Amino acid sequence: MVAVTVGAMPLAAIIPFLLVRTGKRREGVALLATFIVSTLLAVGIQLLVMRPRPADIRTVQSASAFPSFPSGHAAAVFGGATLVNLVWRRAGLLALPGAALVSFSRLYLG
């Protein structure tokens, strides 16, 4: 699960640039914008809600003191997966379960 949650964001950052390099500039820029906007929205909501991380749970890795809801990782990958599903239906069949796995990894890791 650590590999899923740690690897998701670099992979999400690389895919838009690969799209641009392969001639799908509009789709690559849209995907990058989706990741950025969804992450900024999640952080904004985190700062509004200010929900602290649960103190009485088992954590696999140490967690920061930054507010925990909603997950920026989950917001970014679900935003990207939704866009991928809208543009490329077949790729969405992999992207949406992948986003669900990243979201689960955030819960699993505490």
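Residues numbered from 1 in each chain as written. Predicted model: local features only at pLDDT ≥ 70, side-chain atom pairs only at ≥ 80, totals over all residues. Heavy atoms only, no water.

Observations regarding the packing of helix α3 (residues 72-87) against helix α4 (residues 89-108)
So, step 1. At a minimum axis separation of 7 Å, α3 and α4 run at an interaxial angle of 170 degrees. Relative to α4, α3 is oriented roughly antiparallel. Across the interface between the two elements, His73, Ala74, Val77, Phe78, Ala81, Thr82, Val84, Asn85 and Val87 from α3 touch Arg89, Ala91, Gly92, Ala95, Leu96, Ala99, Ala100, Val102, Ser103 and Arg106 from α4.
So, step 2. Looking at the contact of α3 with α4 residue by residue, the classes come out as 12 nonpolar, five polar and two charged. (Axes fitted to C-alpha atoms, helices over the stretch in contact; angles between N-to-C directions. Helix = DSSP H or I, 4+ residues; strand = E, 2+ residues; numbered from the N terminus. Parallel < 35°, antiparallel > 145°, perpendicular 65-115°, else oblique. Contact = heavy atoms within 4.5 Å. Nonpolar A, V, L, I, M, F, W, Y, C, P; charged D, E, K, R; others polar.)

Description of the packing of helix α2 (residues 25-49) against α3
So, step 1. For the pair α2 and α3, the least separation of the axes is 8 Å and the interaxial angle reads 145 degrees. Read as a crossing pair, α2 and α3 show a hand that is right-handed. Of the residues in α3, those in contact with Glu27, Ala30, Leu31, Thr34, Phe35, Ser38, Thr39, Ala42 and Gln46 of α2 are Gly72, Ala75, Ala76, Val77, Gly79, Gly80, Leu83, Val84 and Val87.
So, step 2. Taken together, the residues that form the contact of α2 with α3 break down as 10 nonpolar, seven polar and one charged. (Left-handed = near helix turned anticlockwise from the far one by under 90°.)

Some points on the confidence of the model for the chain
So, step 1. Put simply, the chain has an average pLDDT of 77, and 84% of its residues get 70 or more.
So, step 2. When the elements of the chain are averaged for pLDDT, helix α1 (residues 2-21) gives the smallest value, 76, and α2 the largest, 85. (pLDDT = per-residue confidence, 0-100.)

A word on α3
So, step 1. For α3, built from 16 residues, the straight-helix expectation of 22 Å at 1.5 Å per residue is met to within 8% by its first-to-last C-alpha distance of 23 Å.
So, step 2. For α3, every residue scored as buried is listed here: Gly72, Ala74, Ala76, Val77, Gly79, Gly80, Ala81, Val84 and Asn85. (Expected span 1.5 Å × (residues − 1). Buried < 20%, exposed > 50% of the residue type's maximum accessible area, 1.4 Å probe, protein only.)

Structural notes on α4
So, step 1. A rise of 1.5 Å per residue sets the reference length of α4, with its 20 residues, at 28 Å; its end C-alpha atoms lie 29 Å apart and thus fit the reference within 8%.
So, step 2. Listing the buried residues of α4 in full gives Gly92, Ala99, Val102, Ser103 and Ser105. Projected down its long axis, α4 carries its buried residues within an arc of 155 degrees, all on one side. In α4, those exposed residues whose orientation departs by more than 90 degrees from the buried face are Arg90, Leu93, Leu94 and Leu107. (Arc of directions from axis to C-beta.)

Let's talk about the environment of Ala74
So, step 1. Note that Ala74 resides in helix α3.
So, step 2. For Ala74 and Arg106, which are 32 residues apart along the polypeptide, the C-alpha to C-alpha distance reads 7.7 Å.

Here we look at the nonpolar core
So, step 1. Counting residues in hydrophobic clusters, the biggest one holds six residues: Ala12, Leu19, Leu31, Phe35, Ala76 and Val84.
So, step 2. Broken down by secondary-structure element, the contributors of at least two residues to this core are α1, α2 and α3.
So, step 3. Each residue touching Leu31, except ones within four places of it in the same chain, is listed here: Ile15, Pro16, Leu19, Gly80, Leu83 and Val84.
So, step 4. Core analysis: the second largest hydrophobic core is formed by five residues, Ala8, Val77, Ala81 and Val102 among them. (Core = buried A, V, L, I, M, F, W, Y, C linked by side-chain atoms within 4.5 Å.)

Topic: the environment of Gly72
So, step 1. Within the element layout of this structure, Gly72 appears in helix α3.
So, step 2. Of the residues examined, Gly72 reaches a relative accessible area of 17% and is grouped as buried.
So, step 3. Gly72 sits 63 residues away from Met9 along the chain, and the two C-alpha atoms are 10.0 Å apart.

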